[in-house]
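Each chain is listed here by its residues.
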Amino acid sequence: MPHRSHQHQHGSGAIEGRHSDHYDTIARLFARPFYRRMARDIAALAPRDAAVLDVGTGPGILLRMLGQARPDLRLTGIDIAADMIEHAKHNLAGLSTPPDLLAADVAALPFEDGRFDLVVATFSSHHWEDPDAGAAEIVRVLRSGGRLRIYDFRDAPFDAVAGRPGLTNLQRAPFRSVWTMFMKATRFDATAT
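Residues numbered from 1 in each chain as written. Predicted model: local features only at pLDDT ≥ 70, side-chain atom pairs only at ≥ 80, totals over all residues. Heavy atoms only, no water.

A. Here's a closer look at the pattern of salt bridges. Inspection of the entire model under this criterion finds 13 salt bridges. Residues Asp117 and Arg74 are paired through a salt bridge, measuring 3.8 Å at the closest nitrogen-oxygen approach. Here Asp117, found in strand β4 (residues 116-122), pairs with Arg74, found in strand β2 (residues 74-79); they are 43 residues apart in sequence, far enough to count as distant. Assessed through its relative accessible area of 14%, Asp117 is described here as buried. Within the structure, one salt-bridge network assembled from shared partners comprises Arg37, Asp41, Arg149, Arg187 and Asp189. (Salt bridge = Lys/Arg side-chain N within 4 Å of Asp/Glu carboxyl O. Helix = DSSP H or I, 4+ residues; strand = E, 2+ residues; numbered from the N terminus. Buried < 20%, exposed > 50% of the residue type's maximum accessible area, 1.4 Å probe, protein only.)

Here is the structure:
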């Protein structure tokens, strides 16, 4: 389930140690309807055979649902916390084509330019220590015409992303789901030029 804390252990946005264990349990047991809604939304957006990057994949629940719904997608997930990547590996075991998973920071993505057709971030952008650098890296790894979709709290750093050169067709809208009465979320969309 999404949360609002910007700082966890070690002064970073990483969710590590026992916090990652709790987050994994909550995501698997209670937040499935929320992830299911986002997965349907993303599956409808992704082009056929698209390369998709999930920034801040956490325990990989979204990737699992995307992999089940759209086996044609080439999925990659990153998270700044190595603990979360271990949870994701466990949760993604058994998929016919497991996603690539890496411990990495959005501000320094370990991918070549133009690698992805779609980049998504689900309730992770409010953790980014340097939203400007994260937005620049996302633009760099998106192919021309590629799409960016971010789901997050209304006060997430959408302006840092919206102000990034290389993005057009910017749209923000409320994101409605089973959790809407408990938390207000926004869906942000953009296209790489």
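B. The side chain of Thr76, seen in detail. Topologically, Thr76 is positioned in strand β2. What makes Thr76 buried here is its relative accessible area of 3%. Beyond its immediate sequence surroundings of up to four residues, Thr76 is in contact with Val52, Leu53, Asp54, Leu63, Pro99, Asp100, Leu102, Phe111, Arg115 and Phe116. (Contact = heavy atoms within 4.5 Å.)

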